[in-house]
Amino acid sequence: MAVVNTFPVLDALNIIAREDATLVDALADLNPLSLERAVDELRQAKSIFVLGAGRSGLALRMTAMRLMHLGLTVHIVGEVTTPAIGREDLLLVASGSGTTEALVRSARTAIDVGATVITLTTATKSPLANISSVLIEVPAAEKLDRAATKSVQYAGSLFEQAVVTIGDAFFHSLWMRSGQSADDLWPRHANLE
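Residues numbered from 1 in each chain as written. Predicted model: local features only at pLDDT ≥ 70, side-chain atom pairs only at ≥ 80, totals over all residues. Heavy atoms only, no water.

Student: Got a minute to help me understand the packing of aromatic side chains in this structure?
Tutor: In this description, a pair of aromatic rings is defined by centroid distance and the angle of the planes. Enumeration according to the criterion identifies one aromatic pair in this entry. Plain terms: the ring middles of Phe 171 and Trp 175 are 5.7 Å apart, the flat faces sit at 20° to each other, and that makes the pair stacked. Residue Phe 171 and its partner Trp 175 are both found in helix H7 (residues 157-178); the two are separated by four residues, about one turn of the helix. The exposure class assigned to Phe 171 is buried, which follows from its relative accessible area of 10%. (Phe/Tyr/Trp six-rings, centres within 6.5 Å; stacked < 30°, edge-to-face > 60°. Helix = DSSP H or I, 4+ residues; strand = E, 2+ residues; numbered from the N terminus. Buried < 20%, exposed > 50% of the residue type's maximum accessible area, 1.4 Å probe, protein only.)

Right, here's the structure in full:
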């Protein structure tokens, strides 16, 4: 029987908490013009579609929920009730690698119908980055980076944490610009839980 090393969960939490400084550094390096343009595009979109695979997709679902709380029309790509994307719509995509074929194909479809594509990625020379209307480079470890130079966490964890934080920043900026109170947003919170 193999000997299993133990690693206390508290130690893991401390490692991730220390990496918060890495996340702060990554967020500080974001292009402010790209962020502002993204918020302007989100505010003007008729409908917002969010798309990501795996954990990146889960991170964007949190953003979709908050944008819905603002009263925006938001769809999660792949859900059976998601309509066709159109000319005045926006596709918000997160992909660390920027190469996931299904995401690139969906972004091309969005562009073909005249929609805006906002991409969050670590890979600025990727196919997805090259076709985006607004590109937000997240300086985090790429999924296949196992050298632990940008993050000691596994795979794209730091990227996904950044996607959640950037999504919350989009929401907060749009909320402050909307003039709505927390009480105004609350009736849109899920009540079938």
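That covers the picture; the talk isn't over yet.
Student: Explanation requested: helix H3 (residues 32-44) in the structure shown.
Tutor: Owing to its 3.6 residues per turn, the α-helix aligns residues three or four sequence positions apart on the same side. When the terminal C-alpha atoms of H3 are compared, their 18 Å separation across 13 residues agrees well with the 18 Å that a helix rising 1.5 Å per residue should span. Tucked inside the fold, the buried residues of H3 contact strand E1 (48-52), helix H4 (54-69), strand E3 (90-94), strand E4 (116-121), strand E5 (134-137) and H7. Near the N-terminus of H3, the side chain that reaches the backbone nitrogen of Leu 33, with its oxygen 2.8 Å away, is that of Asn 31. (Expected span 1.5 Å × (residues − 1). Contact = heavy atoms within 4.5 Å. Polar contact = N/O pair within 3.5 Å; in protein donor to acceptor, adjacent residues only side chain to side chain.)

Student: Even after reading the chapter, I still don't get the pattern of salt bridges, so can you show me in this structure?
Tutor: Evaluation of the coordinates by the stated rule reveals six salt bridges. Among the ionic pairs, Glu 36 bridges to Arg 177, the shortest N-O distance being 2.5 Å. On the criterion of sequence distance, the pair formed by Glu 36 in helix H3 and Arg 177 in helix H7 is long-range, its members being 141 residues apart. The exposure class of Glu 36 is partly exposed, given its relative accessible area of 40%. (Salt bridge = Lys/Arg side-chain N within 4 Å of Asp/Glu carboxyl O.)

Student: What is the right way to read the environment of Glu 88 from this model?
Tutor: Relative to the assigned elements, Glu 88 resides in the loop between strand E2 (74-76) and E3. Relative accessible area serves as the criterion here: at 57%, Glu 88 is assigned to the exposed category. Sequence separation of Glu 88 and Asp 25 is 63 residues, and the distance between their C-alpha atoms is 34 Å. Ignoring any residue separated from it by four or fewer positions in sequence, one finds Glu 88 in contact with Ala 45, Lys 46 and Ser 47.

Student: What is the right way to look at the environment of Met 62 in this model?
Tutor: Checked against the element boundaries, Met 62 lands in helix H4. As for Met 62 and Thr 165, which are separated by 103 residues in sequence, their C-alpha atoms are 10.0 Å apart.

Student: What is the right way to look at the pairing of E5 in this model?
Tutor: Strand residues, when the strand is regular, have side chains that alternate between the two faces of the sheet. What you see with E5 is a clean split: Val 134 and Ile 136 sit on the buried side and Leu 135 and Glu 137 on the side with no burial. For E4 and E5, the ladder comprises four bridges, and the chain directions are parallel. Considered in E5, the bridge of Leu 120 is made with Ile 136. (Pairing = 2+ DSSP bridges.)

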